[in-house]
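Inside the fold
Below are the chains, spelled out letter by letter.
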Amino acid sequence: MEHRNRRLDMALGLGLAGFVLLPWYRIDEGFYAFRWPAQFPFGAEEAPALVQMAAQGRWWLAVVAALLLAAAAVRFAAPAVSRGRLLVALGAAGMGFLVLQGFAITFGGWSWNIGEALFGPLAIGQPAMGAGAVLAGLAFLFLFSAGLAEQGVMKGDFFVIAAIALLVALVAVFVFYPVLSMFVGSVQDFDGSFEPSGFVRNMQDPAIWSLDCVIGGGRCGVAWRTLWLALMTATGSTVLGLAFALVATRTRFPFKKGLRLLTVLPIITPPFVIGLALILLFGRAGVVTTFLSDLFGVEPGRWLYGLTGIWIAQMLSFTPISFLVLIGVVEGVSPSMEEASQTLRADRWRTFWRVSLPLMKPGLANAFLIGFIESMADFGNPLVLGGSHGVLSTEIFFAVVGAQTDPSRAAVLAIILLCFTLSAFLAQRLWLTGRNFATVTGKGDGGVHPALPRPLAIGVNALVIPWTAFTLVVYGMILVGGFVNTWGLDNSLTFAHFERAFSFAFRDGSIAWTGVAWDSFWTTMMIALVAAPLTAAVGLLTAYLIVRQRFVGRNVFEFALMMSFAIPGTVIGISYIMAFNLPPLEMTGTALILIACFVFRNMPVGVRGGVAAMTQIDASLDEASLTLRASSWRTIRHVVLPLLRPAIVAALVYSFVRAITSISAVVFLVSAKYNMATAYIVGLVENGEYGVAIAYSSMLIVVMLVVIAGFQLAVGERRLRRETRIAAPAVARPMSAETIKEKIA
């Protein structure tokens, strides 16, 4: 009972702090500017809910106070039999009321006629919710979770219940609510009335569904072009990612560290920069095109502009993601199982095909799914290289910002895109359902991985080496471009672009950042370094709940998480503007909206990587820890997280670089105060300052490499066995029941 009371005391303390000690409404100049304490607690904006209710005439906040007082009464006076049910009811009522009053009352008073009919007109409205309201909402959520725990739900595990409830609330606010706001707007007229004719017209558009490319030799509709491109990209990136993972872990390739570094380069580069490099190589006036034209006397073609060019650029961009997902899975295959196969006289090819490869299926499926969704949602590469062959993401962009804005068309295209990606997700689930891929158990494993079959080793090297050379050429073009006076015209070398972007001077004993790129650079680094650990934490916690816990709506919850990753960034940006530009949650023009967008846009990668890694970890490890009376939180910290280090690194790296290189959503969410690097680079490109844009991109690549190396050193490596065929011998660190007991103690 004492443990349960501590939970309630924490929730009630949060509610009290939100109601009395913090501003209830949004501060225009920003909560974290910390200028509000000067006017607290009697300022019109800065006042807490208690003062807003008593002095400002916002009487509806008394309901929040009554619910918190009722929860306090339940804490001290309610009988044990009914306490859990009462807490659930009060928590649900509190969360429901906060949402209801937030939508019902806005700046001008009642937003619904029924409110004025029931309670009369309001003398004063209310702005968007602030820190106090958010903290009170968390208090009600924890009261709800504590009530469920006291009723024995999820074996009374408060941490698991609270984590599920918190994630459901966050997904509802930052995924479903923005998308729903956009879809509602798509069937409304300008005055807010219901008008579905535009939605129906666009859904029946032949330009979307045409099959002339199959029937009559014409051009396929944009939906089928996008689907075919996604299938090609997902297949190619998965095969190449597996080849890189095998070369890095199962061969004696002499440049493995450089290989790992090279596979990371494409994802730390703004996508349109790769497109520009490909144009310089293979465009009509490109280096390779001009050389071949002069050599063979043929007229330069435009083959790069279309699905072929987009596919090459997407392979460069998304193969490293597949590698990051697959490297931990390939390393996690138990050598003992492979040695057992060879002991039973199976040759190396049969061992790989029948033992090793099937155990990699979760990683392969997740890599394919991520490649498919990334291709569907990609915006930068099709914008640069698509030409007249538009895909769904670019068509959505032009439907939103084109000469004739058509939100209904954008919504229709987004629905089609979502159907494709969720269908791929469902197919992956059906393929893996009912199979066990656990290879990491509590027993020590001192085996070594067998060598790859010779034909397979030759094949993966034949894929990896040419692709590595091609990647080096592409990045050589990018790096050289920053030192060329006028890219493609005047090839004389210069440092002027770097000086204009990143110059600095010493004035009055301090550094003055005089370069034009510094403001957006520091803003980008700050937001990315905040968003990356949040993304990894939320993603891996979600993966733990999906794999290890069984709760009502788990499959629906997992589907909901993939929505933010499946929808193009363009749609995410527009939907965030429509949802968070007005009460009850107003965040436009702030750093918070950028962080929220990055966290919930990139979180599915951490989820899929965590799911793939946790599928290989035997559940008996968790059970042993829980049997020894460790809490779920302690089990996660001391047992699960040390075994998820590859997934943690992948989530940190991916979320950090995507926060820096994302462009589609960022274009709509940046402001004068918070301008991100990619949006600034796009402005440079639009102004024709290609040299400065390339110089800025080169600097971002160097900085990201340094930070990624820091992530790797901070997280460390996972130790599962005594030695490997390639690495030097290391002290065995088996995760046995005794080890778990020592960690818990």
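See the structure printed just above.
Residues numbered from 1 in each chain as written. Predicted model: local features only at pLDDT ≥ 70, side-chain atom pairs only at ≥ 80, totals over all residues. Heavy atoms only, no water.

So, about the overall build of the protein. Helix and strand content of the protein: 34 helices and six strands. Per element, the accessible surface of the protein, about 32700 Å² overall, is 65% carbon and sulfur. (Helix = DSSP H or I, 4+ residues; strand = E, 2+ residues; numbered from the N terminus. Areas by Shrake-Rupley, 256 points an atom, 1.4 Å probe, with all protein chains shown as cover.)

Further remarks concern the nonpolar core. Counting 182 residues, the largest nonpolar core has L278, M360, V474, Y576, F656, Y696 and L700 as its most contacted members. With 16 residues, helix α27 (residues 591-615) is the largest single contributor of residues to this core. In terms of nonpolar packing, the next biggest core, distinct from the first, is built from 38 residues, V64, L68, F97 and L141 among them. (Core = buried A, V, L, I, M, F, W, Y, C linked by side-chain atoms within 4.5 Å. Buried < 20%, exposed > 50% of the residue type's maximum accessible area, 1.4 Å probe, protein only.)

What follows is about the pattern of salt bridges. For the coordinates displayed, the defined rule picks out six salt bridges. E150 is the salt-bridge partner of R83, the closest N and O atoms lying 2.8 Å from each other. Of this pair, R83 sits in helix α4 (residues 80-104) while E150 sits in helix α6 (residues 131-150), and the two are 67 residues apart along the sequence. (Salt bridge = Lys/Arg side-chain N within 4 Å of Asp/Glu carboxyl O.)

All right, on to helix α26 (residues 569-580) then. One turn of the α-helix equals 3.6 residues, which is why residues spaced by three or four share an orientation. Compared with an ideal rise of 1.5 Å per residue, which puts 12 residues at 16 Å, α26 spans 16 Å between its outermost C-alpha atoms and is within 8% of the ideal. Burial within α26 is extensive, with 10 of its 12 residues counted as buried. Every buried residue belonging to α26 is among G569, T570, V571, I572, G573, I574, S575, Y576, A579 and F580, and all of these are buried. (Expected span 1.5 Å × (residues − 1).)

Time to look at the environment of Q126. The topology assignment puts Q126 in the loop between α5 (113-119) and α6. Assessed through its relative accessible area of 3%, Q126 is described here as buried. Once you skip the residues sitting within four places of it in the chain, Q126 turns out to touch Y25, R58, W60, Q101, G102, I105, T106 and F107. Within the structure, Q126 has its side chain in polar contact with the side chain of Q101 (distance 2.8 Å). (Contact = heavy atoms within 4.5 Å. Polar contact = N/O pair within 3.5 Å; in protein donor to acceptor, adjacent residues only side chain to side chain.)

On the surface, W59, V99, L100, F103, W112, I114, L118 and F119 cluster together into a nonpolar patch covering about 850 Å² of accessible area. Contributions of two or more residues to the nonpolar patch are made by α4 and α5. (Patch = residues over 30% accessible without salt bridge, like charges linked within 9 Å, V, L, I, M, F, W, Y side chains within 5 Å.)

Now for the side chain of T588. Along the chain, the position of T588 falls in the loop between α26 and α27. Side chain to side chain, T588 and N581 meet in a polar contact 3.0 Å long.

Keep in mind that these numbers describe shape and distance, not what the molecule does.
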